[in-house]
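Here are the chains, one letter per residue:
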Amino acid sequence: MQKRPTYSIEAVDNALQLLQLLRDGGTLRLKDAAEELGVAPSTAHRLLAMLVYRGFAVQDETRRYVPGPAMGVGPAGLSWTRLLRSLAQPHMELLSAQLNETVNLMVRVGTKVRFLATVEGNNVLRVGDRQGTVMPANRTSGGKAMLAELEPHMLEQLFRSNNAEIGGDTIPDDEYPKFLRELESIRGNGFAANFEGTEDGVSALGMALHNRHGQAVGALSVATPATRFRAVFDAGLVPALKECCRQLEIDIAANPAEPD
């Protein structure tokens with residue numbers, strides 16, 4: 001048990017406690033931060049603002065704080081992700097059996113996606129297990145599907161801010177307009193594609209998953225060898241994935257433990 005230093009600095013101690021809360025919980029509201037520290041909301045806000053400035057925290061679209069690039073990728077609400085994985089598993093198994101391809105479940109944490117579960121197809125040549133993998137959200141099909149639902153100011157914060165520079169997530173000036181056009185197309189189509197954007201020889205199609213409030217809480221993707229993607233797409237990949245997401249969203253909406 002570590003002994004508290006004789007000349008401890010309260011503000012530093014409070015900031016470190018906030019880092020621990022972000023690390024262990026994956027998300028933090030201003031009200032909860034103030035209560036945990038026993039300080040006024042204005043004090044908690046100043047502390048969190050410094051963490052944001054230094055890249056240790058980022059505010060998401062719901063104004064909650066999540067781990068920033070200086071902390072790496074946080075756990076993203078462990079109790080909820082376990083439940084989401086449990087809800088998704090039978091749907092993923094059915095979709096994988098229907099398509100005989102690999103199905104992935106992922107959630108977004110800032111500029112990254114964390115793969116929560118994978119169900120592999122039975123083809124000899126197939127995409128392998130991605131569970132536990134962390135990848136850039138703007139390069140994966142599921143990640144792009146979730147990013148497409150964010151407001152422009154949130155995209156700016158994620159990919160064009162000081163935090164993005166600290167974490168190496170900045171999208172350059174000459175590429176950012178193309179990125180925004182791709183997200184606009186994704187919103188219109190209802191799905192996102194990844195053609196060897198994360199790995200040579202692998203393509204994928206992803207769709208966002210929503211809670212009962214219409215908020216994106218995760219995504220499903222179907223990954224195939226690039227040489228087989230067109231045949232799978234033409235055989236009904238989009239309607240099959242769309243129906244799987246619809247059925248899973250019914251289960252998510254019916255579950256009271258979803259994040260709010």
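This text gives an overview of the structure that appears in the document. (Residues numbered from 1 in each chain as written. Predicted model: local features only at pLDDT ≥ 70, side-chain atom pairs only at ≥ 80, totals over all residues. Heavy atoms only, no water.)

## Things to note about the overall build of the protein
So, point 1. Per the secondary structure count, the protein includes 10 helices and eight strands.
So, point 2. In terms of overall dimensions, the protein is globule-like: its C-alpha atoms have a radius of gyration of 20 Å, near the 18 Å expected for 260 residues.
So, point 3. Projecting the C-alpha coordinates of the protein onto the three principal axes gives extents of approximately 65 × 40 × 35 Å.
So, point 4. Buried residues in the protein amount to 46% of all 260 residues.
So, point 5. Within the protein, contacts between residues at least 6 apart in sequence are counted, and of these 57% link residues at least 24 apart.
So, point 6. Separation of charge centres in the protein, based on 27 positive and 31 negative side chains, amounts to 3 Å. (Helix = DSSP H or I, 4+ residues; strand = E, 2+ residues; numbered from the N terminus. Rg over C-alpha atoms; globule rule 2.2 N^0.38 Å. Buried < 20%, exposed > 50% of the residue type's maximum accessible area, 1.4 Å probe, protein only. Contact = heavy atoms within 4.5 Å. Lys, Arg positive; Asp, Glu negative; His and termini not counted. Charge placed at Lys NZ, Arg CZ, Asp CG, Glu CD.)

## Remarks on helix H6 (residues 152-159)
So, point 1. Turning to H6, its buried residues are Met154, Leu155, Leu158 and Phe159. Down the axis of H6, the buried side of the element spans an arc of 110 degrees, and every buried residue falls inside it. Set apart from the buried face of H6 by more than 90 degrees, the exposed residues are Pro152 and His153.
So, point 2. As for H6, its buried residues are in contact with strand E1 (57-59), strand E3 (102-109), helix H5 (141-147), helix H7 (162-167) and helix H8 (176-189). (Arc of directions from axis to C-beta.)

## Some details on the sheet that holds strand E5 (residues 134-136)
Each strand in a sheet pairs with its neighbour through backbone hydrogen bonds, running either in the same direction (parallel) or in the opposite one (antiparallel).
So, point 1. Spatially, six strands are ordered E5-E4-E3-E8-E7-E6 in an open sheet, and the strand pairing comes out antiparallel. Sheet topology places E5 and strand E6 (192-195) at the edges, where each strand pairs with a single neighbour. When strand polarity is set aside, the average angle formed by the axes of neighbouring strands in this sheet is 30 degrees.
So, point 2. Its contacts with the sheet put helix H9 (residues 226-234) on E6, strand E7 (202-210) and strand E8 (216-225), and the angle it makes with E8 is roughly 110 degrees. (Pairing = 2+ DSSP bridges. Axes fitted to C-alpha atoms, helices over the stretch in contact; angles between N-to-C directions.)

## A short note on the environment of Val52
So, point 1. Structurally, the position occupied by Val52 is in helix H3 (residues 41-53).
So, point 2. Taking the C-alpha atoms as reference, Val52 lies 13 Å from Leu30; in sequence the two are 22 residues apart.

## Thoughts on the packing of aromatic side chains
So, point 1. Counted according to the given criterion, the structure contains five aromatic pairs.
So, point 2. Seen in terms of ring centroids, Tyr176 and Phe179 are 5.9 Å apart; in terms of plane orientation they differ by 40 degrees. Their pairing is tilted. Taken together, the residues span about one helical turn, with Tyr176 and Phe179 both in helix H8 at a distance of three residues.
So, point 3. When its relative accessible area of 6% is taken as the criterion, Phe179 is described as buried.
So, point 4. Ring geometry for Phe195 against Phe229: centres 5.4 Å apart, planes inclined by 90 degrees, an arrangement best described as edge-to-face. Of this pair, Phe195 sits in strand E6 while Phe229 sits in helix H9, and the two are 34 residues apart along the sequence.
So, point 5. A network of ring pairs unites the aromatic residues Phe191, Phe195, Phe229 and Phe233 as a single cluster. (Phe/Tyr/Trp six-rings, centres within 6.5 Å; stacked < 30°, edge-to-face > 60°.)

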